[in-house]
Amino acid sequence: MTHTLHQPEEGAPTRHILIVDDLGTIEYSIEGMLNRHSAVTSGRLAFETAQVTSPDDIPATVELAQEMAVTYDVALVDLDFGARRAGGSQSHGLTALRLLAQHTPGTRTALYTADVEGNRELMLRAAFELCPHKPTTWISKAAPPPSQADVICDLLDGREPPLGHLRPYFFRPEHLKLRTVCGTRTQLRLWQALALGLENRVQIAAQAGASPSTLDKFVAHAREFILDCMPPPASPESAQAPIPAARSANLALAVRFAYTNRAFFDDPELEQFVDR
């Protein structure tokens, strides 16, 4: 069933959008934005949408669409599916990117995220720096609706969206890339142990199957990466206050960062990105 509100031009192709998002009302928001876009109001572009609320539903949804001779042109992919909420999907946006690449490789993907998602920065870095199935772009749900609609219509038309806010994910200095601190199985185990919120370095190291000295070297190495991921200080006074670099301070910083982002470090999809 078509969701367009405007009569398309004769011969105008219908584009198909798959929305992968646990927020059930997001489909209507996207339809509303697109129905106000000039490409749709002019009749040049017609579209239909479908939504799944868990990445795990992608294979069956794509298979059903193919049986109806439908191919998805664009997929809009959320990152956080509420694994820690009751009834939340245990899969995240990284899983969605993999399943889309496997089941509908011709579909262009765009991350579609809320600014308040706690793990968003690490998820974005993983998607653009680690994931072999890199998305085409990233759209913030907080952006003005006309701007969001512009990007989606560009994707539907096969145009490349502006690099703009994606520049940090493509041109970040090598030592600040996620792979330098989460590129091996040992590093991932250290993050997962740090995310438990333990305070004793011996306990943390044992949990990760590493030595305390390995842990010390790791948190010292990860310090600059962590600071690069943290939001800018709220006041000039905060910006002037340096964060101590002593061993205990490095450990405390790493524990706090890992615990805050524990849903990211516990994501099973990461296992496929790291070296053994």
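Cut-offs applied
Residues numbered from 1 in each chain as written. Predicted model: local features only at pLDDT ≥ 70, side-chain atom pairs only at ≥ 80, totals over all residues. Heavy atoms only, no water. Helix = DSSP H or I, 4+ residues; strand = E, 2+ residues; numbered from the N terminus. Buried < 20%, exposed > 50% of the residue type's maximum accessible area, 1.4 Å probe, protein only. Contact = heavy atoms within 4.5 Å. Areas by Shrake-Rupley, 256 points an atom, 1.4 Å probe, with all protein chains shown as cover. Polar contact = N/O pair within 3.5 Å; in protein donor to acceptor, adjacent residues only side chain to side chain. Core = buried A, V, L, I, M, F, W, Y, C linked by side-chain atoms within 4.5 Å. Salt bridge = Lys/Arg side-chain N within 4 Å of Asp/Glu carboxyl O. Pairing = 2+ DSSP bridges. pLDDT = per-residue confidence, 0-100. Phe/Tyr/Trp six-rings, centres within 6.5 Å; stacked < 30°, edge-to-face > 60°. Expected span 1.5 Å × (residues − 1). Bend = angle between axes of the 7 residues up to and from the residue.

Chemist: Help me understand the overall build of the protein, please; the structure alone is not making it clear to me.
Modeler: Tallying secondary structure elements over the protein gives 14 helices and five strands in all. When burial is assessed residue by residue, the protein has 49% of its 276 residues classed as buried. By sequence separation, contacts in the protein at least 24 residues apart represent 77% of the contacts at least 6 residues apart. Within the structure as shown, the protein displays about 13400 Å² of accessible surface, and the carbon and sulfur contribution to it stands at 54%.

Chemist: Would you explain the side chain of Thr61 in this entry?
Modeler: In this fold, Thr61 is placed in helix H3 (residues 58–67). The class for Thr61 is buried, based on a relative accessible area of 19%. Within polar-contact distance, the side chain of Thr61 engages the backbone oxygen of Asp57 at 2.8 Å. In contact with Thr61, other than residues within four places in its own chain, are Leu18, Val52 and Tyr72.

Chemist: How should helix H9 (residues 185–194) be read in this particular structure?
Modeler: One full turn of an α-helix is made of 3.6 residues, so residues set three or four places apart face in the same direction. Taken across its ten residues, H9 has seven buried, putting it largely inside the fold. Among all positions of H9, only Arg185, Gln187, Leu188, Leu190, Trp191, Ala193 and Leu194 are buried.

Chemist: I'm lost on the nonpolar core in this one. Help?
Modeler: Where a protein is soluble and globular, its nonpolar side chains tend to be buried together. Among the nonpolar cores identified, the biggest contains 61 residues, and Leu111, Leu178, Trp191, Leu194 and Phe264 are the most heavily contacted of them. Setting aside residues up to four positions removed in sequence, Leu194 forms contacts with Ile204, Leu215, Phe218, Val219, Leu251, Ala254, Val255, Ala258 and Tyr259.

Chemist: Could you clarify how one ought to interpret the pattern of salt bridges in this entry?
Modeler: Two side chains of opposite charge can pair, provided their charged atoms sit close to one another. Overall, the coordinates contain 15 salt bridges when judged by the stated rule. Residues Arg172 and Glu129 are paired through a salt bridge, measuring 2.8 Å at the closest nitrogen-oxygen approach. Taken together, the residues span a long stretch of sequence, with Arg172 in the loop between helix H7 (167–171) and helix H8 (179–182) and Glu129 in helix H5 (residues 120–130) at a distance of 43 residues. Summarising the burial analysis for this pair, Arg172 and Glu129 share the class buried. Between Arg159 and Asp154 there is a salt bridge, with its nearest N and O atoms 2.7 Å apart.

Chemist: Sorry if this is basic, but what is going on with the pairing of strand S2 (residues 46–52) here?
Modeler: A regular strand carries its side chains on alternate faces of the sheet. Taken across its seven residues, S2 has five buried, putting it largely inside the fold. Here strand S1 (residues 14–20) runs beside S2; their pairing, made up of seven bridges, is parallel. Across the sheet, the residue bridging to Arg15 is Phe47, located in S2.

Chemist: What should I look at first to understand the confidence of the model for the protein in this one?
Modeler: Low-pLDDT portions of the prediction should not be read for the details of their coordinates. Confidence in the prediction of the protein, expressed as mean pLDDT, is 87, and 86% of residues score 70 or more. Throughout residues 1–5 the model reports pLDDT below 50, and contacts reaching past four residues in sequence, or to other chains, amount to 13 contacts.

Chemist: What is the right way to read the packing of aromatic side chains from this model?
Modeler: The relative placement of two aromatic rings is captured by the distance of their centres and the angle of their planes. Evaluated as defined, the whole model comprises nine aromatic pairs. On the numbers, 5.7 Å between centres and 35° between planes, the contact of Phe128 with Tyr169 is tilted. Of this pair, Phe128 sits in helix H5 while Tyr169 sits in helix H7, and the two are 41 residues apart along the sequence. For Phe128, a relative accessible area of 2% translates into the label buried. Of the residues examined, Tyr169 reaches a relative accessible area of 7% and is grouped as buried. On the numbers, 6.5 Å between centres and 65° between planes, the contact of Phe257 with Phe265 is edge-to-face.

Chemist: Mind showing me how you'd approach helix H11 (residues 212–229) here?
Modeler: An ideal rise of 1.5 Å per residue puts 26 Å on 18 residues; H11 measures up with 25 Å between its terminal C-alpha atoms. By the largest-angle criterion, Arg223 marks the main kink of H11, which is about 40°. By the burial criterion, the buried members of H11 are Leu215, Asp216, Phe218, Val219, Ala222, Arg223, Phe225, Ile226 and Cys229.

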